[in-house]
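Spelled out from the first residue to the last, the chains are:
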Amino acid sequence: MTTSTPALLTITRPDDWHLHLRDGEALDAVVPDTARQFARAIIMPNLRPPVTTTEQAVAYRGRILAALAKAGMDEDHFQPLMTLYLTDNTSAEEIVRASASGLVHAVKLYPAGATTNSAAGVTDLLGKCRPALEALQKQGMPLLVHGEVTDPTTDVFDREALFIDRVMLPLRKAFPELKVVFEHITTKEGAHYVRDAEGPVAATITPQHLLYNRNAIFTGGVRPHYYCLPILKRETHRLALVEAAVSGSPRFFLGTDSAPHARGLKEHACGCAGCYSALHAMSLYAQAFDAAGALDKLEGFASHHGPAFYGLPRNTGTLTLVRKPYTIPEELPYGATTLVPLAAGETLDWRVQA
Ligand code: NCD
Ligand code: ZN
């Protein structure tokens, strides 16, 4: 990393290890935002219907590249790293095909009912998914975990901590060599589990969980644009996540979980979960690391730790952030509708140099 003056920060070009790009017009609207900052991203498979086969993943990748081309960009600017959506019926053969394709880089576990488009998710991981888990472990392909129990009697704020005991520990006992990414961790328990666990375990952390606690959802009224899953937690948890992100541990890396939903579906009687952060992701992370006095740790988190865990090379290009006020737009075009970015209307201290 080279910091020529305190106002400039140049880092190896970063990657986003957890991203929702959607499909169709929505895909066209959002993919340029990510490609402007990131060289690669792990693309979530929770489309409707979900991306459950290698064939579907390869076709989706083609649509992403076509959307990129419409914005005048190609694979030299941005590479989508595809994933499959794990179901109770995912076969070992499908995992082998995925790995052999060279285009699918991970498999995502959504406990059934945990979040947006998760109805086809897993109902009983160790009961139903053993062949797929064995194949993943053998191929060295990471399992990406949405770590929340879905039992309706469990408080929504406790779902991640309970998931560790009920699912993560038995899973890692049964498959100790399986690479596991605990996606978008939101709690002290999640951060400490990943910090201290033995074996190949890592976690992604979103900008919203580094910048906000759960008050953000309720300040002066209900604020749907701060509602995502797993939900924002107490300040003690936010502080534990910041500590993990700036610790320099290679187990923690950048994953925005940027999850666009049209404005009308967020500002709704049953509003969708998800924050749109792809527009200004690196400015948001810089804000969080700067507030912690740890800008020197941003490059490891954003650009080094992820490829090391996935067994991919680091990017060769760079990205420069400039300390210059950046006011986040109130809304963005999104097909026939609009999209409200995370922290719309607020001003950040850092912007990405064009
Ligand atoms: C995601 C989405 O909208 O697809 N929403 C979210 O709040 N993060 C799903 C997910 O990652 O849980
Ligand atoms: Zn997500």
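Residues numbered from 1 in each chain as written. Chains lettered and ligands numbered in written order. Predicted model: local features only at pLDDT ≥ 70, side-chain atom pairs only at ≥ 80, totals over all residues. Heavy atoms only, no water.

(A) Highlighting the overall build of the protein. On a plain count of helices and strands, the protein comes out with 12 helices and 13 strands. Taking 354 residues into account, the globule formula puts the C-alpha radius of gyration at 20 Å, and the protein, at 19 Å, falls close to it. Once the C-alpha set of the protein is aligned to its principal axes, its extents read approximately 50 × 40 × 40 Å. Here the protein holds 354 residues, and 57% of them are scored as buried. Considering only intrachain contacts with a sequence separation of at least 6, the fraction spanning at least 24 residues in the protein is 72%. Of the roughly 14000 Å² of accessible surface on the protein, a fraction of 53% belongs to carbon and sulfur atoms. (Helix = DSSP H or I, 4+ residues; strand = E, 2+ residues; numbered from the N terminus. Rg over C-alpha atoms; globule rule 2.2 N^0.38 Å. Buried < 20%, exposed > 50% of the residue type's maximum accessible area, 1.4 Å probe, protein only. Contact = heavy atoms within 4.5 Å. Areas by Shrake-Rupley, 256 points an atom, 1.4 Å probe, with all protein chains shown as cover.)

(B) Quick peek at the site of ligand 1. Neighbouring residues of ligand 1: 15 residues in total, closest Asn46, Thr115, Leu229, Asp257 and His261. Side-chain polar atom of Arg22 to an oxygen atom of ligand 1: 2.8 Å apart, as the coordinates give it. His261 places a polar side-chain atom, nitrogen or oxygen, 2.8 Å from an oxygen atom of ligand 1. Surface burial for ligand 1 is 100%, taken as the share of its 320 Å² of free accessible area covered by protein chains. (Near = heavy atom within 4 Å. Polar contact = N/O pair within 3.5 Å; in protein donor to acceptor, adjacent residues only side chain to side chain.)

(C) Spatial organisation of the coordination of the zinc ion (ligand 2). Note on the zinc ion (ligand 2): its protein donors are His18 (NE2), His20 (NE2) and Asp257 (OD). The metal-donor distances range over 2.0 to 2.1 Å. In this structure, the zinc ion (ligand 2) is coordinated by four donor atoms arranged in irregular fashion, with angles at the metal of 92 to 143°. Along the chain, the residues donating to the zinc ion (ligand 2) are arranged with the sequence spacing H-x1-H-x236-D. Of this pair, His18 sits in strand β2 (residues 15-19) while Asp257 is found in the loop between β9 (252-254) and α10 (263-266), placing the two residues 239 residues apart along the sequence. When its relative accessible area of 6% is taken as the criterion, Asp257 is described as buried. (Donors = N, O, S within 2.8 Å, 3.2 Å for Na, K, Ca; no water. Tetrahedral: all angles 85-135°; square planar, octahedral: opposite > 155°, others 65-115°.)

(D) View of helix α6 (residues 159-174). Given a rise of 1.5 Å per residue, 16 residues ought to cover 22 Å, and the 22 Å separating the end C-alpha atoms of α6 matches this to within 8%. At Asp165, α6 is bent by approximately 35°, the largest bend along its length. Of the residues making up α6, those classed as buried are Arg159, Glu160, Phe163, Ile164, Met168, Leu171 and Arg172. (Expected span 1.5 Å × (residues − 1). Bend = angle between axes of the 7 residues up to and from the residue.)

(E) Fine view of the sheet that holds strand β10 (residues 318-327). Taken in spatial order, the three strands of this open sheet run β1-β10-β13, and their pairing is antiparallel. Of all strands in the sheet, those with a lone pairing partner are β1 (8-12) and β13 (347-352), marking the two edges. The average angle at which neighbouring strand axes cross in this sheet is 35°, direction not considered. With five bridges joining them, β1 and β10 adopt antiparallel strand pairing. Bridge pairing links Ile11 to Leu319 in β10. Relative to the sheet, helix α12 (residues 298-310) contacts β1 and β10, its axis offset from that of β1 by approximately 25°. (Pairing = 2+ DSSP bridges. Axes fitted to C-alpha atoms, helices over the stretch in contact; angles between N-to-C directions.)

(F) The arrangement of the pairing of strand β8 (residues 201-205) in detail. Among the five residues of β8, five are classified as buried, and the element is accordingly described as predominantly covered. Of the two faces of β8, both are covered, the one formed by Val201, Ala203 and Ile205 as well as the one formed by Ala202 and Thr204. For strand β7 (residues 180-182) and β8, the ladder comprises three bridges, and the chain directions are parallel. The residue of β8 that forms the bridge with Phe182 is Ala203. As judged from the three bridges shared by β8 and β9, these two strands associate in the parallel manner. In the sheet register, Ile205 faces β9, and the bridge partner there is Leu254.

(G) Structural context of the side chain of Arg22. One can find Arg22 in the loop between β2 and α1 (24-37). In this view, Arg22 contacts Leu27, Asn46, Leu47, Tyr60, Ala259, Pro260, His261 and Tyr334; residues no more than four positions away in its chain are not counted.

(H) Main features of the UniProt feature "binding site: substrate" (unreviewed entry) in the protein. The UniProt feature table records "binding site: substrate" (unreviewed entry) at His20, Leu21, Arg22, Asn46, His146, Leu229, His261 and Ala273. Inspection of the secondary structure assignment puts His146 in the loop between β6 (143-145) and α6. When residues no more than four places from it in sequence are discounted, the contact partners of His146 are Lys108, Leu109, Tyr110, Pro111, Ala114, Thr115, Phe163, His184, Leu229 and Pro230. Looking at Ala273, the relative accessible area reads 9%, which means it is buried. Setting aside chain neighbours within four positions, we find Ala273 in contact with Thr116, Tyr227, Cys228, Leu229, His261 and Lys266. (UniProt positions renumbered as here; feature names shortened; annotations may be inferred.)

(I) Focus on the environment of His280. As for its placement among the helices and strands, His280 is situated in the loop between α10 and α11 (281-291). Between the C-alpha atoms of His280 and Phe252, which are 28 residues apart in sequence, the distance is 20 Å. Other than its neighbours up to four places away in sequence, His280 contacts Gln37, Tyr326, Ile328, Pro341, Leu342 and Leu348.

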